[in-house]
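Commentary on secondary and tertiary structure
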Amino acid sequence: IAVPLSAIRGAASLVSPLTTLPLPLPSRKHGGLRVEREERPRPVRDHSRTRPPGTAASFTCFIRYYPNRVADRVLSVFCHVLCVSQAAAAVRHQAGTSRSLHGARAPAVSARHLKQLGVTSLRSLSQVSLSEEPDALYQKLSVRVKGHDRSVLDSFEFFASLAARELGLSLERAFEPRKHTEKLTLLKSVHIFKKHRVQYETRTHHRTIEISRVTGSSARVYLEYIQRNLPEGVAMEVTKTSVEEIPEHIQKPLWDEGKLEPCGQ
Amino acid sequence: MATSLVRKTKLLSMVSSQLNSAACFRNIHCTAACLKNRAARIRVAKGDKPVTYEQAYHPHHIGHRKGWLSQHTSNLQGEDGAAERVVEDVFIRRFMYGTFHGCLADEVVIKRRGNLLLICAVMIQKLLPSKFYFLIGYTEELLSHFYKCPVKIEMQTVEEKVVYKYL
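Residues numbered from 1 in each chain as written. Chains lettered and ligands numbered in written order. Predicted model: local features only at pLDDT ≥ 70, side-chain atom pairs only at ≥ 80, totals over all residues. Heavy atoms only, no water.

In the annotation of an unreviewed UniProt entry, the entry for chain B reads 28S ribosomal protein S24, mitochondrial-like, and the organism field reads Cyprinus carpio. Under Subcellular location (unreviewed entry), UniProt gives the following word-for-word description of chain B: "Mitochondrion". Under the heading Sequence similarities (unreviewed entry), UniProt records this for chain B: "Belongs to the universal ribosomal protein uS3 family." (UniProt positions renumbered as here; feature names shortened; annotations may be inferred.)

For chain A, the name recorded in an unreviewed UniProt entry is Small ribosomal subunit protein uS10m, with Cyprinus carpio carpio as its organism. Annotation of chain A in UniProt includes, under Sequence similarities (unreviewed entry), the sentence "Belongs to the universal ribosomal protein uS10 family."

Here the focus is the overall build of chain B. The secondary structure content of chain B amounts to four helices and six strands. Taken from the N to the C terminus, the helices and strands of chain B come in the order α-β-α-β-α-β-β-α-β-β. Buried positions account for 33% of the 167 residues belonging to chain B. In chain B, 59% of the contacts between residues at least 6 apart in sequence involve partners at least 24 apart. (Helix = DSSP H or I, 4+ residues; strand = E, 2+ residues; numbered from the N terminus. Buried < 20%, exposed > 50% of the residue type's maximum accessible area, 1.4 Å probe, protein only. Contact = heavy atoms within 4.5 Å.)

Note: strand β3 (residues 137–147) of chain A against strand β6 (residues 197–215) of chain A, 10 bridges, orientation antiparallel. Paired with K146(A) across the strands is H206(A), a residue of β6(A). (Pairing = 2+ DSSP bridges.)

Okay, the pattern of salt bridges next. Counted by the stated rule, this structure contains 16 salt bridges over all chains. For D89(B), the salt bridge identified is with R112(B), shortest N-O distance 2.9 Å. Of this pair, D89(B) sits in helix α3 (residues 82–99) while R112(B) sits in strand β3 (residues 109–113); the two residues are 23 residues apart in sequence, bridging distant segments of the chain. We classify D89(B) as buried; its relative accessible area is 6%. Residue classification places R112(B) among the buried residues on the basis of a relative accessible area of 12%. It is possible to trace a salt-bridge network through shared partners that takes in R150(A), D154(A), E157(A), E176(A) and R207(A). (Salt bridge = Lys/Arg side-chain N within 4 Å of Asp/Glu carboxyl O.)

Okay, the sheet that holds β3(B) next. Residues and elements named next belong to chain B. Taken together, the four strands give an open sheet; going across it, the order is β2-β3-β4-β5, and neighbouring strands pair in mixed fashion. Here the strands that pair on one side only, and so sit at the sheet edges, are β2 (70–71) and β5 (151–158). Examined bridge by bridge, β3 and strand β4 (residues 116–124) share five bridges and lie antiparallel to one another. Considered in β4, the bridge of I110 is made with I119. Here α3 sits on the sheet in contact with β2, β3, β4 and β5, set at roughly 135 degrees to β3. (Axes fitted to C-alpha atoms, helices over the stretch in contact; angles between N-to-C directions.)

Moving on to the nonpolar core. Ranked by size, the top nonpolar core spans 24 residues in total, and within it F156(A), I211(A) and Y222(A) carry the most contacts. Looking at this core, the elements that each hand over two or more residues are β3, α5 (150–166), β6, α6 (216–228) and β7 (234–241) of chain A. Looking at this core, the element that brings in the most residues is α5(A), giving seven residues. Within the second largest apolar cluster, 20 residues are counted, among which are F95(B), L117(B), I119(B) and L135(B). (Core = buried A, V, L, I, M, F, W, Y, C linked by side-chain atoms within 4.5 Å.)

All names here are of chain A. For α5, spanning 17 residues, the distance from its first C-alpha to its last is 24 Å, which sits close to the expected 24 Å at 1.5 Å a residue. With 12 of 17 residues buried, α5 is to be regarded as a mostly interior element. For α5, every residue scored as buried is listed here: V152, L153, S155, F156, E157, F159, A160, S161, L162, A163, A164 and E166. Following α5 by one or two positions, G168 adopts a phi angle in the positive range, close to 80 degrees. (Expected span 1.5 Å × (residues − 1).)

Time to look at the confidence of the model for chain B. Residues and elements named next belong to chain B. When pLDDT is averaged along chain B, the result is 85, and 80% of the positions lie at 70 or above. In the model of chain B, helix α1 (residues 2–21) stands out as the element of lowest mean pLDDT, 50, in contrast to helix α4 (residues 129–147), which has the highest, 96. Here the predicted complex scores 0.60 on pTM and 0.74 on ipTM. (pLDDT = per-residue confidence, 0-100.)

Residue and element names in this part refer to chain A. On average, residues of chain A score 70 in pLDDT, and 49% of them reach the 70 mark or higher. Long-range and interchain partners of residues 23–27, a stretch whose pLDDT sits below 50, account for 11 contacts in this model, where long-range means more than four residues apart. Across residues 94–111, where pLDDT falls below 50, the model places 37 contacts with residues more than four positions away in sequence or in other chains.

Attention now moves to the environment of L116(B). Residues and elements named next belong to chain B. Residue position: L116 is located in strand β4. Residues L116 and K148, 32 residues apart in the sequence, show an inter-C-alpha distance of 10.0 Å. With residues up to four places along the chain from it excluded, the contact list for L116 reads K111, P150 and K152.

Another point: the packing of aromatic side chains. Summed over the entire model, instances satisfying the criterion amount to 11 aromatic pairs over all chains. Put simply, the rings of F91(B), F95(B), F134(B), Y138(B), F146(B) and Y147(B) pair up and form one aromatic cluster. One residue, R173(A), lies across the ring of F175(A), its end atom 4.1 Å from the ring centre. (Phe/Tyr/Trp six-rings, centres within 6.5 Å; stacked < 30°, edge-to-face > 60°. Lys NZ or Arg CZ within 6 Å of the ring centre and 35° of its normal.)

Below, the structure written as structure tokens:
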């Protein structure tokens, strides 16, 4: 993505890979010299018509806009909402038109969910596996990204919130914590001149995206998609909040059962 | 910056070798000296020196009019590994300069995406494309064996060096 289109024709251009283009679009397959290639016709986006998230229409829209970036795990999120046969048909159609999907490890989809949807056989979705254990539930999924360039974080926030909306996750809030500046005061000269110093600073900008009430498999899908498309120079910290049962040994206070001895009088 | 670094390391090694030969072992303590007024600047001359965009703008323009030449996360707050990345970057730049001798039109940009090391370079069309392909494969193979991570080179060729202005 660092190479602009004009460079393909060998023309001199001032926008070189040296200036960062703050677009967190997924990276293309590349390697070696660029060869002249025709641009394939892209579907025209109609921004006036908004699709309700988490439906079959939004799923087909999603895979049409990001055809090469659909992982198999995305299916597990949509299976909970849509009819499985629709999702399988959409994926097969997409696989026929574009490159084949990566043969990644199959996600664990809860068996109860699929039984609720009335699906008995999964021969059409051969890459999905079932497991009997219940899915983990998270009250809050907090994704915090750090970077040196604020505009890169702006566009990454747009990308992540768009992905969350399309996948049907409830985006609670996306805000910007205060930036952190690390300052260094160094000697300006190699030898003597102690009074003359030079100061440098390193700025770290942050951005936090909070998603609430999400299941474990959805969180895994979303995080994998986000992390595969993380721009260079950007670090991510993920915090998951879930409700746990109180351990048995502290469920009841000791003084109730009379185990405690009275203090010395 | 790189040239001043080279000069200082040479000075240090000369001094330390002299000291070691005289059988007195003393350590040299020095703070980092940063010649802010002269670092990475090409001084204004008669008007016949061609200068690229990267060379024309001074280091205080980084983030405003220039981008970053090396993009990784180790300089962020709470992240470590900055020194190792710097050493790797210096080696990669020297390696690229030596392997594609006379072909580099501008500085090499190094990006790190997870485990992947991406080297972006602009080259002058000095060699045949087949020779470029061979050198790209050779560089990728060697560097991936050195650093134990996938290395990819993104190359862009240009007829001649892109001149931004004359100083």
